[in-house]
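What follows is each chain in one-letter form.
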Amino acid sequence: MTLNEHDRTIIMDSIRDIHDFPKPGIVFKDITTLLSDKNAYGVLMKHLHDRYSSYNLTHIAGIDARGFIFGAALAQMLGVGFIPIRKKGKLPYTTVSEKYSLEYGVDEVEVHIDAFSNVENPQVLLIDDLIATGGTAYAAASLINKVGATCVEACFIMGLDFLDGQKKLSEVVPVYTVIGVD
Ligand code: AMP
């Protein structure tokens, strides 16, 4: 199930472009204006609920930090658990971690080693606000598999279609972007 044109326009119009943030040349997709618009936020969450209600998920894993907002809300709507995938050093219990490259240097994400151990055969949807190069999501999907769960799909509110992040990620997990940005 994909988004209809009417709902796509409502969501698109609620997301703000901030030029040259956090550095010159980047167009930052600001979702705070989507969240403060109860109609747009509602349309988006209903669409995600409709799409994923037949997936038999056991958990949603959200990527630090904007993935938490959509992931936690969707988990409640679907009646499944929520797992945070966090930047290094934030989780208090034993973690499993995965490094990934940035334009300059490396970053690292972590998940609790027992994150999905409360069910047999965990079926997980990974979610974040946006996929650019795909490095963060690739590392997060690897983490889910490392701790013994299956990542059934990776979902993003927006995908930057001019980068090849979605292609790279789709080699390891099906990818769904609600809205593609040229
Ligand atoms: P990447 O690993 O390159 O796919 O980057 C994805 C992460 O960086 C996500 O958590 C996004 O929230 C954030 N991000 C990257 N580019 C943008 C952008 N143009 N606007 C908003 N967030 C971005």
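Our structure is the block above this text.
This is a predicted model, so every value here is computed, not measured.

### Describing the overall build of the protein chain
Moving on, step 1. A count of helical and extended segments in the protein chain gives six helices and nine strands.
Moving on, step 2. By the compact-globule yardstick of 16 Å for 182 residues, the protein chain fits well, its C-alpha radius of gyration being 16 Å.
Moving on, step 3. Along the three orthogonal principal directions, the C-alpha set of the protein chain runs to about 40 × 40 × 30 Å.
Moving on, step 4. Counting only residues that meet the buried cut, the protein chain has 45% of its 182 residues in that class.
Moving on, step 5. Counting only contacts in the protein chain whose residues sit at least 6 apart along the sequence, the fraction spanning at least 24 positions is 56%.

### Quick word on the sheet that holds strand E3 (residues 59-63)
Moving on, step 1. The strand order across the open sheet built from seven strands is E5-E6-E4-E3-E7-E8-E9, with neighbouring strands paired in mixed fashion. Of all strands in the sheet, those with a lone pairing partner are strand E5 (95-101) and strand E9 (175-181), marking the two edges. Within this sheet the neighbouring strands show an average axis-to-axis angle of 20°, counted without direction.
Moving on, step 2. Pairing between strand E4 (residues 81-87) and strand E6 (residues 106-112): two bridges, direction antiparallel.

### Quick notes on the environment of Met 77
Moving on, step 1. If you trace the backbone, Met 77 turns up in helix H4 (residues 66-78).
Moving on, step 2. Judged by its relative accessible area of 38%, Met 77 is partly exposed.
Moving on, step 3. Between the alpha carbons of Met 77 and Ser 53 there is a distance of 9.0 Å; along the sequence they are 24 residues apart.
Moving on, step 4. In this view, Met 77 contacts Met 45, Lys 46 and His 49; residues no more than four positions away in its chain are not counted.

### Notes on the site of the ligand
Moving on, step 1. Neighbouring residues of the ligand: 13 residues in total, closest Arg 66, Asp 129, Thr 133, Gly 134 and Thr 136.
Moving on, step 2. Within the side chain of Arg 66, one N or O atom sits 2.6 Å away from an oxygen atom of the ligand.
Moving on, step 3. At a separation of 2.5 Å, an oxygen atom of the ligand approaches a polar side-chain atom of Thr 136.
Moving on, step 4. For the ligand, whose unbound accessible area comes to 490 Å², protein coverage reaches 81%.
Moving on, step 5. Of all the elements in the fold, those that place two or more residues in the shell around the ligand are strand E2 (27-30), strand E7 (123-131) and helix H5 (135-146).
Moving on, step 6. Take the shell around the ligand: its biggest share by element is four residues, from E7.
Moving on, step 7. Within the shell around the ligand, the residues separate by chemical class into five nonpolar, four polar and four charged.

### Description of the environment of Ile 144
Moving on, step 1. Tracing the backbone shows Ile 144 in helix H5.
Moving on, step 2. When its relative accessible area of 1% is taken as the criterion, Ile 144 is described as buried.
Moving on, step 3. The residues contacting Ile 144, other than those within four sequence positions of it, are Ala 61, Ile 85, Phe 116, Val 124, Leu 126, Ala 149, Thr 150 and Cys 151.

### Here's the deal with unusual backbone geometry
Moving on, step 1. Of note, the amide linkage connecting Phe 21 to Pro 22 takes the cis form, showing an omega dihedral of 0°.
Moving on, step 2. Tracing the sequence through the fold places Pro 22 in the loop between strand E1 (16-19) and E2.
Moving on, step 3. Look at the link from Asp 64 to Ala 65: it is a cis peptide, with omega at 0°.
Moving on, step 4. Tracing the backbone shows Ala 65 in the loop between E3 and H4.

### Thoughts on the pattern of salt bridges
Moving on, step 1. On inspection of all chains with the given rule, the structure shows nine salt bridges.
Moving on, step 2. Close ionic contact of Asp 17 with Lys 29 constitutes a salt bridge, the shortest N to O distance being 2.7 Å. With Asp 17 in strand E1 and Lys 29 in strand E2, the pair connects residues that are twelve residues apart, well separated along the chain.
Moving on, step 3. Two residues, Glu 108 and Lys 99, come together in a salt bridge whose shortest N-O distance is 4.0 Å.
Moving on, step 4. Residue Glu 108 is classed as buried on the basis of its relative accessible area, which comes to 11%.
Moving on, step 5. A residue is classified by how much of its surface remains accessible, and Lys 99, at 56% relative accessible area, is exposed.
Moving on, step 6. Each of Lys 88, Lys 99 and Glu 108 takes part in a single network of salt bridges with overlapping partners.

About the thresholds
- Residues numbered from 1 in each chain as written.
- Predicted model: local features only at pLDDT ≥ 70, side-chain atom pairs only at ≥ 80, totals over all residues.
- Heavy atoms only, no water.
- Helix = DSSP H or I, 4+ residues; strand = E, 2+ residues; numbered from the N terminus.
- Rg over C-alpha atoms; globule rule 2.2 N^0.38 Å.
- Buried < 20%, exposed > 50% of the residue type's maximum accessible area, 1.4 Å probe, protein only.
- Contact = heavy atoms within 4.5 Å.
- Pairing = 2+ DSSP bridges.
- Axes fitted to C-alpha atoms, helices over the stretch in contact; angles between N-to-C directions.
- Near = heavy atom within 4 Å.
- Polar contact = N/O pair within 3.5 Å; in protein donor to acceptor, adjacent residues only side chain to side chain.
- Areas by Shrake-Rupley, 256 points an atom, 1.4 Å probe, with all protein chains shown as cover.
- Nonpolar A, V, L, I, M, F, W, Y, C, P; charged D, E, K, R; others polar.
- Salt bridge = Lys/Arg side-chain N within 4 Å of Asp/Glu carboxyl O.

None of this, on its own, says anything about what the molecule does.
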